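Here is how the chains run, residue by residue.
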Amino acid sequence: MLILLPPSEGKTAPRSGAPLDLDSLALADDAAVTGARADLLTRLAAVSAAPDALTALGVGASLAGEVEANTRLASAPAAPGHRVFTGVLFDALDHAALSSAAKRRARASVLVFSALFGATALADRIPAFRLPVGAKLPGLPGLAAHWRPVLTPALDALAARDGGPVVDCRSGGYAAQWRAPAERTLAVDVFQLRDGERTVVSHFAKHTRGLVARALLEAGARETSTLDRVADVVARAGDGHGWEVELARPSGAKPGALRVILPEG
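As a starting point, this report considers the structure included with it.

1. Here we look at the environment of A175
1) Next: Position of A175 relative to the elements: it lies in helix α8 (residues 172-175).
2) Next: C-alpha of A175 to C-alpha of L5: the two residues are 170 residues apart in sequence and 9.0 Å apart in space.

2. Observations concerning the layout of surface pockets
1) Next: In this model, the largest pocket occupies a volume close to 350 Å³.
2) Next: Along the walls of the largest pocket sit 17 residues, with P6, P7, S8, E9 and K206 positioned nearest its centre.
3) Next: For the lining of the largest pocket, the elements supplying multiple residues, two or more each, are α5 (88-93) and α9 (202-218).
4) Next: Sorting elements by how many residues they give to the lining of the largest pocket places α9 first, with four residues.
5) Next: Residues that form the lining of the largest pocket fall into these classes: eight nonpolar, six polar and three charged.
6) Next: There is about 220 Å³ of room inside the second largest pocket.
7) Next: Contributing to the lining of the second largest pocket are 13 residues, with A13, A69, L73, A128 and F129 lying nearest its centre.

3. Let's talk about the side chain of T34
1) Next: Structurally, T34 is set in helix α1 (residues 31-49).
2) Next: A relative accessible area of 13% means that T34 is categorised as buried.
3) Next: Leaving out residues up to four positions away in the same chain, T34 has contacts with L22, D23, L27 and A28.

4. A word on unusual backbone geometry
1) Next: The backbone of L27 sits at a positive phi, close to 70°, despite the residue not being glycine.
2) Next: With respect to the element layout, L27 can be found in the loop between β1 (2-5) and α1.
3) Next: Not every positive phi belongs to a glycine, and D94 is a case in point at roughly 50°.

5. Topic: the side chain of Q177
1) Next: On the secondary structure map, Q177 appears in the loop between α8 and β7 (185-194).
2) Next: Not counting residues up to four positions away in its chain, the partners in contact with Q177 are F113, S114, A115, G118, A144, W147, R148, L151 and R170.

6. Concerning α9
1) Next: Along its 17 residues, α9 runs 25 Å from first to last C-alpha, staying within 8% of the 24 Å computed at 1.5 Å per residue.
2) Next: When we look at burial in α9, the residues that qualify are A205, T208, R209, G210, L211, V212, A213, R214, A215, L216 and L217.

Here is what the cut-offs are and how they apply
- Residues numbered from 1 in each chain as written.
- Predicted model: local features only at pLDDT ≥ 70, side-chain atom pairs only at ≥ 80, totals over all residues.
- Heavy atoms only, no water.
- Helix = DSSP H or I, 4+ residues; strand = E, 2+ residues; numbered from the N terminus.
- 1 Å grid on protein atoms, 1.4 Å probe; cavity = no way out; pocket = protein on both sides within 12 Å on 5 of 7 lines; lining within 4 Å.
- Points joined across faces, edges and corners; volume = space filled by probe spheres on them.
- Nonpolar A, V, L, I, M, F, W, Y, C, P; charged D, E, K, R; others polar.
- Buried < 20%, exposed > 50% of the residue type's maximum accessible area, 1.4 Å probe, protein only.
- Contact = heavy atoms within 4.5 Å.
- Expected span 1.5 Å × (residues − 1).

Written out as structure tokens, the structure is:
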């Protein structure tokens with residue numbers, strides 16, 4: 001099983017530790033991936049040092065300190081991604097409270113997609129950075145479009161070796177960085193009932209996807225070996241959270257969906 005997560009825009013900057021080592025990251029054996037990461041680090045540092053950095057990166061003045069820190073990422077302290085990424089989804093995942101077995105599964109199964117590094121393992125050591133996937137860097141197309149041809153060969157091979165379900169908790173530009181194999185993929189869609197109607201809710205969707213990822217990591221490998229079993233694990237987790245689950249199977253080139261319906265609230 002693979003679990004695909006988006007990053008958090010907010011991050012906790014490590015206060016100490018060795019700096020980033022690109023050769024230690026997931027997919028580093030693919031020269032194209034490592035080269036793209038090195039190139040983007042250089043481009044981001046240059047953009048972040050420019051007078052119009054905030055405009056170029058599409059962020060407000062309150063984030064000026066984080067943008068300025070982009071100029072020092074190569075030498076900044078790095079820490080495991082599960083400590084750097086913060087926010088609603090990662091709070092719900094609560095890596096620190098996972099069982100030892102679930103942490104081992106997380107190291108092998110979870111990929112976090114980002115505009116700067118493409119896709120990294122949850123335990124990969126990275127610095128805190130500020131680069132939204134919708135930012136425009138000079139000389140590049142959109143960042144999702146830039147990453148897609150770089151990541152596709154490496155991640156297609158990884159998914160083929162794994163052979164199990166792919167649970168996709170990404171959305172927007174992060175989902176566009178790599179198209180997972182449709183016949184084995186379930187996108188996690190979250191709805192909330194309001195007056196009996198299903199509505200899309202951004203905040204609760206992130207929280208719920210974190211809980212879904214947590215439930216799958218705590219389940220054994222056999223319990224998550226098929227799409228049906230993945231759906232069963234998430235449905236059982238709903239007993240403690242009040243949600244219901246629908247499984248929409250993949251069809252042709254269209255991936256399946258795991259529809260999580262939250263109760264009235």
